[in-house]
Amino acid sequence: MYEEPYKWVEAVGNRRQYLDEQFKQGSPVVGLAYDSGIVLLTVSKGTPKLYEIYDRLALAGMGHPADLEKLRFNLLEMAHVEGFNRSPSDVTGSRMVKYGIAPVIKQAFEEVFKAPFIIKILLAELGQKAGKETFLVINYDGTFEEGSHCAVLAANKTVEQEMIKSLRAEPANLSLEQSVGAALRAWALGDRLQRQAAEADGDRERETSVDASSVDVSKLYAHLRETVAEKTIECAVLDRTQAGSSKYRAVTTDELGRFLPKDVQASLS
Amino acid sequence: MGMQGDFFQLLKAQGYQFGAAGSAGHDQEFTTATTILAFKYLDGVLVAGDRRATAGNMVMYDRTDKVLEIDRHSVMAIAGVPATAYEMVRILEHSFKYYRRTQLQELSFEGKLRAVSKLLKENVAAALAGTGAVAPIFAGYDFEQESAKIYFYDILGAEFEGVEYAVSGSGSPTIRGILHYVNTWGDKPLSAMTEEESTVQALRLLTSAAEFDSATGGINREANLYPVIKLITAKGIKTLPEVDLKNRFEASVSRHG
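Residues numbered from 1 in each chain as written. Chains lettered and ligands numbered in written order. Predicted model: local features only at pLDDT ≥ 70, side-chain atom pairs only at ≥ 80, totals over all residues.

**Student:** So what's going on with the overall build of chain A? Which residues, and what values?
**Tutor:** Helix and strand content of chain A: nine helices and ten strands. Within chain A, counting contacts between residues at least 6 apart in sequence, those at least 24 apart form 67% of the total. (Helix = DSSP H or I, 4+ residues; strand = E, 2+ residues; numbered from the N terminus. Contact = placed C-beta atoms within 7 Å.)

This is the structure we're talking about:
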């Protein structure tokens, strides 16, 4: 049935449509560099979405938990074998993505007889020096983008761009406390835009409208108050100042309470 | 492999070999060492080791680090063939991290002990062939039992708990007797000693070992060369800086000013 090229292209197109639909209800993920590392933040219903991969590598995912687990194990095996056989310095995000999971995701996406990975991945890498942080974002079709300073995962490109815009508007060299606040606001913006898009009808779903009220801070806090109550704020850091070779640390609920800026705390209480 | 969190099995599945026997040449001298020791003190466990590596009567290196951190709460002190010992430490370090990252929880202290024993058993052929014998001390904080613990091993992988202290290496017979004496008839038992008292005790013990064992390196103040001493408590591992060791050595160990 897919022997003819145009049918294969059509099947891949259908698959893209199917996958886009799957992410509409997903919780966005934010990665942001701060003065001594990287903060990763999302809001989840209980299933973790942030993971340690290697000494300076962390993973965040959006999509199906079983697919995230499969790819997480692929990354863990690859990183640890490489780190043991060569050196921990040779375990870089770029190599893990380019020669590791991106080809696997692409292959699964194009094999139209098999189920694709319902997954978007953000791999954060703490640089050896400050300011050398790297973010790699892999889409469900295996395409990936490399960037610095910040990266996000969201339901569609428009939402991602707005979230990035809000993160870039923040001052440079934020403290951990400030970066957690900024990440939370970016998450609220992304989630709000996704919900607006989902509520809109068919054609307008693709064109997420962003007006001034979408980025209004008080409205973002109100949105947080509504959505976070029955969920968990999940936050982790790759902290350059942490003793030992492993730089990953999950931020505990108590710590998070202390890190949240007062204005955010007030809106969540 | 990932589901079990077993890094060593993963390595083996990829063709990695550990502990293969080799035949030693008749005149071949292998690099060995050592005096290592561990004892329980007031706050946890102290682990110390001299810095010398020798091959026969040749001093190969005088700045060897024989007390190695495996993770945030465990340390392995190595005695024997360094090539094998360092490889074991690398495997263990990766194994514990791999387990934590795959299983999303720390490997239990007992699990860590089994991992050390398993590696030594894999290494039996090399140990008996004379090319890879290692007799380590493994110490760490056991969160289930809420106490710091010491274990020592023979080259075949047999595991023994050092209830109060443990020693290994060529200089160990000298200090084993001293430890017994101090712990039994000293002013206070080792387990009641403060951090400073136990550090002084470790410096004195290693200095005594160096006095009678040529394969144990002593303290060389001119070269600013002091043993490696690490303290394990529930908070983690603390490596004593050389400046502290120097001050304590000069105040309470040296008899020649």
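**Student:** Account for the overall build of chain B, naming residues and giving values.
**Tutor:** Scanning chain B from N- to C-terminus turns up seven helices and 13 strands. Relative to its length of 257 residues, chain B is compact, with a C-alpha radius of gyration of 18 Å against a globular reference of 18 Å. When the backbone C-alpha atoms are referred to their principal axes, chain B occupies close to 55 × 50 × 30 Å. Going through the 257 residues of chain B one by one, you find that 50% of them count as buried. In chain B, once contacts between residues fewer than 6 apart in sequence are set aside, the share between residues at least 24 apart is 68%. (Rg over C-alpha atoms; globule rule 2.2 N^0.38 Å. Buried ≥ 20, exposed ≤ 12 C-beta atoms within 10 Å, placed from the backbone.)

**Student:** Could you give me a rundown of the sheet that holds strand β13 (residues 236-239) of chain B, with the residues and numbers involved?
**Tutor:** Residues and elements named next belong to chain B. Pairing within the open sheet is antiparallel, and its five strands lie in the order β11-β2-β3-β12-β13. The sheet terminates laterally at β11 (165-168) and β13, the two strands that pair on one side only. Across the sheet, the mean angle separating the axes of adjacent strands is 15° when strand polarity is ignored. Of the pairings in the sheet, the one linking strand β2 (residues 36-40) to strand β3 (residues 45-49) comprises five bridges and is antiparallel in character. Within the sheet, the bridge partner assigned to Ala 38 lies in β3 and is Val 47. In this fold helix α5 (residues 172-185) packs onto β2 and β11, with an angle of close to 165° to the strand it touches most, β11. Sheet strands touched by helix α6 (residues 195-212): β2, β3 and β12 (228-233). Its angle to β3, the strand with the most contacts, is close to 30°. (Pairing = 2+ DSSP bridges. Axes fitted to C-alpha atoms, helices over the stretch in contact; angles between N-to-C directions.)

**Student:** Describe the interface of chain B and chain A, and please don't skip the residues or the numbers.
**Tutor:** On the chain A side, the residues contacting the 13 residues of chain B number eleven residues. Mapped by element, the contributors of at least two residues to the side of chain B that touches chain A are α1 (7-13) and α2 (82-103) of chain B. Ranked by residues supplied to the side of chain B that touches chain A, first place goes to α2(B) with six residues. Partitioned by chemical class, the residues of the side of chain B that touches chain A number five nonpolar, four polar and four charged. (Nonpolar A, V, L, I, M, F, W, Y, C, P; charged D, E, K, R; others polar.)

**Student:** Residue-level account of the sheet that holds strand β10 (residues 248-250) of chain A, with values.
**Tutor:** All names here are of chain A. With antiparallel pairing, the five strands of this open sheet are ordered in space as β8-β1-β2-β9-β10. In the strand order of this sheet, the two ends are held by β8 (150-153) and β10, each with one partner. With strand direction ignored, the average angle separating the axes of adjacent strands in the sheet is 15°. Two strands pair when backbone bridges link them, and strand β1 (residues 29-34) and strand β2 (residues 37-44) are joined in this way by six bridges, in the antiparallel orientation. Bridge pairing in β2 places Gly 31 opposite Leu 40.

**Student:** Could you give an account of the pairing of β2(A), naming the residues involved and the relevant values?
**Tutor:** The side chains of a regular strand alternate, residue by residue, between the two faces of the sheet. Of all the eight residues making up β2(A), seven are buried; the element is thus mostly covered by neighbouring parts of the structure. Between the antiparallel neighbours β1(A) and β2(A) lie two residues.

**Student:** If you had to explain the packing of helix α2 (residues 65-85) of chain A against α2(B) to someone new, which residues and values would you point to?
**Tutor:** Orientation of α2(A) relative to α2(B), taken along the N-to-C sense of each, is 165°, at an axis distance of 11 Å. Taken as axis vectors, α2(A) and α2(B) run roughly antiparallel relative to one another. Here α2(A) runs over α2(B); the crossing is right-handed. Of the residues in α2(B), those touching α2(A) at A:Phe73, A:Leu76, A:His80, A:Gly83 and A:Phe84 are B:Arg90, B:His94, B:Tyr98, B:Arg101 and B:Thr102. Tallied by class, the residues present in the contact of α2(A) with α2(B) amount to four nonpolar, four polar and two charged. (Parallel < 35°, antiparallel > 145°, perpendicular 65-115°, else oblique. Left-handed = near helix turned anticlockwise from the far one by under 90°.)

**Student:** Describe the pairing of strand β9 (residues 232-239) of chain A, and please don't skip the residues or the numbers.
**Tutor:** Residues and elements named next belong to chain A. Here β9 lies mainly inside the structure; six of its eight residues are buried. Bridging between β2 and β9 involves eight bridges; their strand directions are antiparallel. Directly across from Ser 44, in β9, lies its bridge partner Thr 232. Taken together, the three bridges between β9 and β10 define a ladder with antiparallel strand orientation. Its bridge partner being in β10, Val 237 is matched across the sheet by Arg 249.

**Student:** Tell me about unusual backbone geometry, and name the residues and values.
**Tutor:** One non-glycine residue with positive phi stands out, namely A:Asn173, at about 50°. Here A:Asn173 is to be found in the loop between α4 (157-168) and α5 (176-199). Positive phi values are uncommon outside glycine, yet B:Leu104 reaches one of about 60°. Residue B:Leu104 is classed as exposed on the basis of its C-beta count, with 12 C-beta atoms lying within 10 Å.

**Student:** How would you sum up the nonpolar core? Please name residues and give values.
**Tutor:** Of all hydrophobic cores here, the largest spans 149 residues; its most connected members are A:Ala58, B:Ala38 and B:Val47. Among the elements that take part in this core, α5(A) stands out by supplying nine residues, more than any other. Beyond its immediate sequence surroundings of up to four residues, B:Val47 is in contact with B:Ala38, B:Val67, B:Val75, B:Ala77, B:Ile137, B:Ala139, B:Lys230 and B:Ile232. (Core = buried A, V, L, I, M, F, W, Y, C linked by C-beta atoms within 7 Å.)

**Student:** How would you summarise the packing of α5(B) against α6(B) if you had to cite specific residues and measurements?
**Tutor:** Residues and elements named next belong to chain B. Contact pair α5 / α6: the axes reach a minimum separation of 9 Å and the direction vectors enclose 145°. For the crossing formed where α5 meets α6, the hand is right-handed. Listed contacts from α6 to Thr 174, Ile 175, Ile 178, Leu 179 and Val 182 of α5 are Gln 201, Leu 205, Ser 208, Ala 209 and Phe 212.

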